Amino acid sequence: MKQKISKEDIIKTAAKLFKEKGFSAVTMRDLASKIGVKASSLYNHISSKQELLKEIIISIAERFTEGMAVIMNSNSNSIDKLTKIVDLHVNIASNNIYGMASLNNDWMHLEEQLDYYLKLRTDYEDNFREIIINGIKNNEIKHANPEVILFSILSTLRSLYLWIPKKEDLNHIELSSNLTSILIEGINK
């Protein structure tokens, strides 16, 4: 009896393999073996390893973009917007540990989608920076270099995928609260 596989199963397995070995080191045979099918069977669902990488990274980047748009369009003050960004990162990272690894480590392999991804990332960082700058102007955030604040917060949030899997009893609400306390209240005026 043939095993039924779905494109979603393939994408999830690929994301895990990409995290474990790196995109360049994973072959279609590795993926097929992990799923338990012949490599040729994978091509009934996907066209290439590149398609898988695109599916993984672009879908997550678009979720960040959509979340940021909601945050930017809210009437919240800068501190509340930054708190919502922390929540956004915790939620996406905790639900996409393997995909976040690809987003952070394998994005440069996107080929045709690279420019699109870089635009999403740049726009996201620009919006993040704008929130910080407005917070400084509105005397909500300590007067400090916005780039240093952005780097400090964003580098922590981008590395959550490394830390979250080591915490079996992780409470996402508590994590967001603790991160907000450390990352945001430290710059709160």
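Look up a bit, the structure's there.
Cut-offs used in this document
Residue positions are given per chain, counting from 1 as you read along its sequence in written order. In view of the model being predicted, local features appear only for residues whose pLDDT reaches at least 70, and side-chain atom pairs are presented and counted only at 80 or more, with totals across whole chains, interfaces and linings using the full set of residues. No hydrogens and no water enter the side-chain calculation; it runs on all heavy atoms of the structure. Strands are runs of DSSP state E lasting at least two residues, helices are runs of H or I lasting at least four, and both sets are numbered from the N terminus onward. Relative accessibility under 20% of the residue-type maximum defines a buried residue, over 50% an exposed one, and the middle range a partly exposed one, all with a 1.4 Å probe and only protein chains included. For our purposes a nonpolar core is just a set of buried Ala, Val, Leu, Ile, Met, Phe, Trp, Tyr and Cys residues, chained together by side-chain atoms within 4.5 Å. In what follows, residue pairs with any heavy atoms lying within 4.5 Å of each other are defined as contacts. By definition, a salt bridge exists where a carboxyl oxygen of Asp or Glu is found within 4 Å of a side-chain nitrogen of Lys or Arg. Stacked, tilted and edge-to-face pairs are distinguished by plane angle, under 30 degrees for stacked and over 60 for edge-to-face with tilted covering the rest, among Phe, Tyr and Trp rings (Trp via its six-membered ring) whose centres lie within 6.5 Å. For a ring to carry a charge above it, either NZ of a lysine or CZ of an arginine must fall within 6 Å of the ring centroid while also lying within 35 degrees of the normal to the ring plane.

1. Overview of the overall build of the chain
In step 1: Of the regular secondary structure elements, the chain holds ten helices and zero strands.
In step 2: Of the regular secondary structure in the chain, the N- to C-terminal order runs α-α-α-α-α-α-α-α-α-α.
In step 3: The C-alpha extent of the chain, read off along each of the three principal axes, is 65 × 40 × 25 Å.
In step 4: Split into buried and exposed, the 189 residues of the chain put 43% on the buried side.

2. Describing the nonpolar core
In step 1: Ranked by internal contacts, the top residues of the largest apolar core, which has 61 residues, are Leu31, Leu42, Leu82, Ile85, Phe128 and Leu157.
In step 2: In terms of residue count, the dominant contributor to this core is helix α4 (residues 49-72) (eleven residues).
In step 3: If we skip the residues at most four places from it in the chain, Leu42 touches Ile5, Ile10, Met28, Leu31, Ala32, Ile35 and Val37.

3. Overview of the pattern of salt bridges
In step 1: One pass over the structure, following the stated rule, counts eight salt bridges.
In step 2: Measuring nitrogen to oxygen at the nearest pair gives 2.8 Å for the salt bridge that ties Lys7 to Glu51. Remark: Glu51 occurs in helix α4 and Lys7 occurs in helix α1 (residues 7-21); sequence separation between them is 44 residues.
In step 3: Taking relative accessible area as the criterion, Lys7 reaches 30% and is therefore assigned partly exposed.
In step 4: What makes Glu51 buried here is its relative accessible area of 15%.
In step 5: Note that Glu147 and Arg129 form a salt bridge whose closest N and O atoms lie 2.4 Å from each other. Remark: Arg129 occurs in helix α7 (residues 114-137) and Glu147 occurs in helix α8 (residues 146-158); sequence separation between them is 18 residues.
In step 6: On the accessibility criterion, Glu147 (41% relative accessible area) is partly exposed.

4. Some remarks on unusual backbone geometry
In step 1: Of note in the backbone geometry, Glu111 takes a positive phi value of approximately 60° without being a glycine.
In step 2: Its place among the elements puts Glu111 in the loop between α6 (97-105) and α7.
In step 3: With relative accessibility at 52%, the residue Glu111 sits in the exposed group.
In step 4: Phi angles above zero are rare outside glycine, and Asn139 is one such case at about 60°.

5. Regarding the packing of aromatic side chains
In step 1: Taken as a whole, this structure holds four aromatic pairs when the rule is applied.
In step 2: Ring geometry for Phe64 against Tyr124: centres 5.7 Å apart, planes inclined by 70°, an arrangement best described as edge-to-face. In this pair, Phe64 sits in helix α4 while Tyr124 sits in helix α7, placing the two residues 60 residues apart along the sequence.
In step 3: Relative to Phe128, the ring of Tyr124 lies with its centre 6.3 Å away and its plane at 75°, an arrangement referred to as edge-to-face. A residue pair is termed a helical-turn pair when its members lie 3 or 4 positions apart in one helix, as Tyr124 and Phe128 do in helix α7 at four residues.
In step 4: Exposure remark for Tyr124: the relative accessible area of 7% places this residue in the buried category.
In step 5: Under the relative-accessibility criterion, Phe128 is labelled buried at 1%.
In step 6: Ring pairing ties together the aromatic residues Phe64, Tyr124 and Phe128, which thus form one cluster.
In step 7: If you follow Lys49 out to its NZ or CZ, it ends over the ring of Phe23, 4.3 Å from the centre.
In step 8: Here Arg121 stacks its cationic end above the ring of Trp107, 4.4 Å away from the centre of that ring.

Nothing here speaks to function; it is all geometry.
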